[in-house]
Each structure stands twice: as structure tokens, then as C-alpha cells.
Amino acid sequence: MRVLSVLVGVLVVGIVLVDAALTTLSLAGGAGPVTRRVSQGMWWLTRRLAGRGPRRHRLLRWAGTSVLMGTFGAWVAGLWLGWFLVFSAVPDAVLDQFGRGACR
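Now for a look at the structure at hand. Please read all numbers here as calculations on a predicted model, not as lab measurements.

## With respect to the packing of aromatic side chains
Working step 1: Applying the stated criterion across every chain yields a total of two aromatic pairs.
Working step 2: On the numbers, 5.4 Å between centres and 5° between planes, the contact of W80 with F84 is stacked. A residue pair is termed a helical-turn pair when its members lie 3 or 4 positions apart in one helix, as W80 and F84 do in helix α4 (residues 63-88) at four residues.
Working step 3: The partly exposed category is assigned to F84, whose relative accessible area is 44%.
Working step 4: For the pair W83 and F87, a centre-to-centre distance of 5.8 Å together with 25° between the ring planes defines the contact as stacked. You can see W83 and its partner F87 sitting in helix α4, four residues apart, about one turn around the helix.
Working step 5: On the accessibility criterion, W83 (43% relative accessible area) is partly exposed.

Here it is as C-alpha cells:
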């Protein structure tokens with residue numbers, strides 16, 4: 001069980017790091033798989049919330065910022081989850097100030 005947790009954690013961290021690199025360093029303007037799904041989902045949700053009518057543009061004005069923040073949030077959440085899985089697999093991976101395992 002512990003080995004599986006470490007493997008899944010390393011896989012999650014790797015996916016997030018590759019996605020961030022593909023998104024930020026791509027010369028073709030592409031996005032990684034996680035970024036693409038998050039941005040498409042947030043754009044869909046923003047359009048649904050904006051509805052129709054004269055006030056539609058007020059919400060859509062913030063769509064780019066919300067997609068950017070959502071992407072960053074997904075990266076942070078993925079890194080947090082991945083490292084949590086890695087470090088929680090070994091009880092003594094994190095020690096307190098007295099040298100005892102912090103997961104007791």
C-alpha cells in the first residue's frame with residue numbers, strides 16, 4: 001500500500017510538472033492536458049453563468065483571469081496532493097523538532 005501511494009504521488013507530481021512546462025514553455029501556444037481540461041471547463045462554466053443579455057460582457061471580462069487562476073490552482077492542488085501521497089506513505093518521512101515521526 002505504501003509503495004502504491006508513493007508511485008501515485010510521484011505520478012501526480014510528474015504530470016503536473018510536465019503540464020506546467022508544456023503550458024508555459026510551448027512556442028506553439030499549446031497547453032498541457034491538465035491545463036486544457038481546466039481552461040475548457042472554466043470557460044464553459046463562465047459562459048453558462050454569464051447567460052444572455054446586456055450584462056453578459058461584465059462576467060466574460062473576467063474569464064481570462066479566472067482561467068489563469070484556475071489553472072494555477074489546479075497545479076498547486078496537484079502538487080500538494082502528489083507530495084502528500086509521497087510523504088504520507090512513510091510514517092517517519094516528516095519529523096518533529098524532537099526527531100519523532102510527525103504522523104503519529
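## Regarding the packing of helix α1 (residues 2-25) against helix α2 (residues 33-50)
Packed helix pairs are characterised by how far apart their axes lie and by the angle those axes make with each other.
Working step 1: Taken N-terminus to C-terminus, the directions of α1 and α2 make an angle of 75°; their axes are 7 Å apart at the nearest point. By the angle between their directions, the pair α1 and α2 is classed as roughly perpendicular. Note on element contacts: α2 touches α1 through P33, V34 and T35, opposite I15, D19, L22 and T23.
Working step 2: Here the residues of the contact of α1 with α2 sort into four nonpolar, two polar and one charged.

## Things to note about the packing of α1 against α4
Working step 1: Contact pair α1 / α4: the axes reach a minimum separation of 7 Å and the direction vectors enclose 155°. Looking at the two axes, α1 sits roughly antiparallel to α4. Here α1 and α4 pass one another in a crossing that is left-handed.
Working step 2: Residues that form the contact of α1 with α4 fall into these classes: 13 nonpolar, seven polar and one charged.

## Observations concerning a nonpolar patch on the surface
Working step 1: A grouping of W44, L45, L49 and L59 is seen on the molecular surface, where their side chains present a nonpolar patch of about 410 Å² in accessible area.
Working step 2: Examining the composition of the nonpolar patch, we find that three residues originate from one element, α2, more than from any other.
Working step 3: Note on L59: relative accessible area 36%, which makes it partly exposed.

Reading the values: the criteria
Residues numbered from 1 in each chain as written. Predicted model: local features only at pLDDT ≥ 70, side-chain atom pairs only at ≥ 80, totals over all residues. Heavy atoms only, no water. Phe/Tyr/Trp six-rings, centres within 6.5 Å; stacked < 30°, edge-to-face > 60°. Helix = DSSP H or I, 4+ residues; strand = E, 2+ residues; numbered from the N terminus. Buried < 20%, exposed > 50% of the residue type's maximum accessible area, 1.4 Å probe, protein only. Axes fitted to C-alpha atoms, helices over the stretch in contact; angles between N-to-C directions. Parallel < 35°, antiparallel > 145°, perpendicular 65-115°, else oblique. Contact = heavy atoms within 4.5 Å. Nonpolar A, V, L, I, M, F, W, Y, C, P; charged D, E, K, R; others polar. Left-handed = near helix turned anticlockwise from the far one by under 90°. Patch = residues over 30% accessible without salt bridge, like charges linked within 9 Å, V, L, I, M, F, W, Y side chains within 5 Å. Areas by Shrake-Rupley, 256 points an atom, 1.4 Å probe, with all protein chains shown as cover. Salt bridge = Lys/Arg side-chain N within 4 Å of Asp/Glu carboxyl O.

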